[in-house]
Amino acid sequence: MNHTSGNSNSTDNLIDRAALLLGTVNSVFVLTGAGVSAESGIPTFRGADGLWKNYSAQELATPQAFQKDPVLVWEWYHWRQDLILKASPNAAHYALSAFESIFEHFLLLTQNVDNMHRRAGSQRVLELHGNIFRARCCECDRKTEYTGIQGVSNDLPRCVCGGLLRPDVVWFGEAIPEYIWQDSLDFLSGTAVAMICGTSGVVWPAAAIPRIAMEQGVKTIEINLEPTPISNAVDVSIRAKADVALPLLVRKITDRPTSKIS
Ligand code: APR
């Protein structure tokens, strides 16, 4: 049942309902997207500030764009690395890291490549789209930690083998790491609640997660500033900032004595 309409639809009421759902379970799956990092000052992809030099992510985050102009694509990634390094995790990241100690079984699947969840202390994190602070050799496939320094040089980063390095992220049209997807589905099939935070839900395969959860009888909670394609289908849709709603949820769950079921 959807709880997005009616008088009892205030954000507080919706957070209460979500807390009630979460307060009775011991297994939770969370999917996050760029909205969770928005309050850290990291632009979302499809928001008003999502363009870089008038390019959209869809134009730059492709193997074709890299092949055509690796300097431009690396310049964009260096700019993002720099921005992310200067930013700090926000209350949403910290709340999700607290979830790990609240729920016996917990998995966080993120589409974000910004490493913020780990910086906030999360350990049970799977990165569906890779990590912006890793590079991979186009020739030998060797992975390496990599933080470029913006503006210092136009030279392209190279592997020890001499091959061109590329960001170790998943671009449009590329396959996601199969084991990450499989581990996520395995966890999802045995969990009680799935929470979807700060994602527009338009990029596959992550966009399939809410439906897969619902088909398996998993209760679903969405936290997003805006309505999304799944807002009317989830059990509870909370229209709020993640850095406000998630800490409130943590407080409400941990304040209330409950008897948990799996
Ligand atoms: N709190 C909660 N939600 C927010 C906040 C906030 N403070 N700020 C923005 N949002 C929501 C927006 O309403 C939007 O629905 O976050 C969502 C961000 O959507 P996108 O920019 O499309 O980001 P995301 O869903 O993570 O994109 C998926 O697309 O470009 C690719 O690989 C990239 O991982 C990315 C993927």
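About the cut-offs
Residues numbered from 1 in each chain as written. Predicted model: local features only at pLDDT ≥ 70, side-chain atom pairs only at ≥ 80, totals over all residues. Heavy atoms only, no water. pLDDT = per-residue confidence, 0-100. Contact = heavy atoms within 4.5 Å. Phe/Tyr/Trp six-rings, centres within 6.5 Å; stacked < 30°, edge-to-face > 60°. Helix = DSSP H or I, 4+ residues; strand = E, 2+ residues; numbered from the N terminus. Buried < 20%, exposed > 50% of the residue type's maximum accessible area, 1.4 Å probe, protein only. Lys NZ or Arg CZ within 6 Å of the ring centre and 35° of its normal.

### Some remarks on the confidence of the model for the chain
For the chain, the average pLDDT comes to 92, and 92% of its residues sit at 70 or higher. A low-confidence stretch, residues 1-7 (pLDDT under 50), is modelled with 16 contacts involving residues beyond four sequence positions or located in other chains.

### Some thoughts on the packing of aromatic side chains
For the structure on display, the rule yields ten aromatic pairs. Their ring planes at 70° and their centres at 6.4 Å tell us that Trp74 and Tyr77 sit as a pair that is edge-to-face. Here Trp74 pairs with Tyr77, and both are found in helix α4 (residues 70-86), just three residues apart, close to one helical turn. Each of the two residues, Trp74 as well as Tyr77, counts as buried. When the ring of Trp74 is compared with that of Tyr146, the centres are 5.0 Å apart and the planes differ by 65°; the resulting orientation is edge-to-face. Taken together, the residues span a long stretch of sequence, with Trp74 in helix α4 and Tyr146 in the loop between β5 (143-145) and β6 (165-169) at a distance of 72 residues. Using a relative accessible area of 3% as the deciding quantity, one classes Trp74 as buried. On the accessibility criterion, Tyr146 (15% relative accessible area) is buried. An aromatic cluster is defined as three or more aromatic residues linked by ring pairs; in this entry it consists of Phe66, Trp74, Trp76, Tyr77, Tyr146 and Trp171. The ring of Trp76 has Arg80 lying over it, and the distance from NZ or CZ to the ring centre is 4.4 Å.

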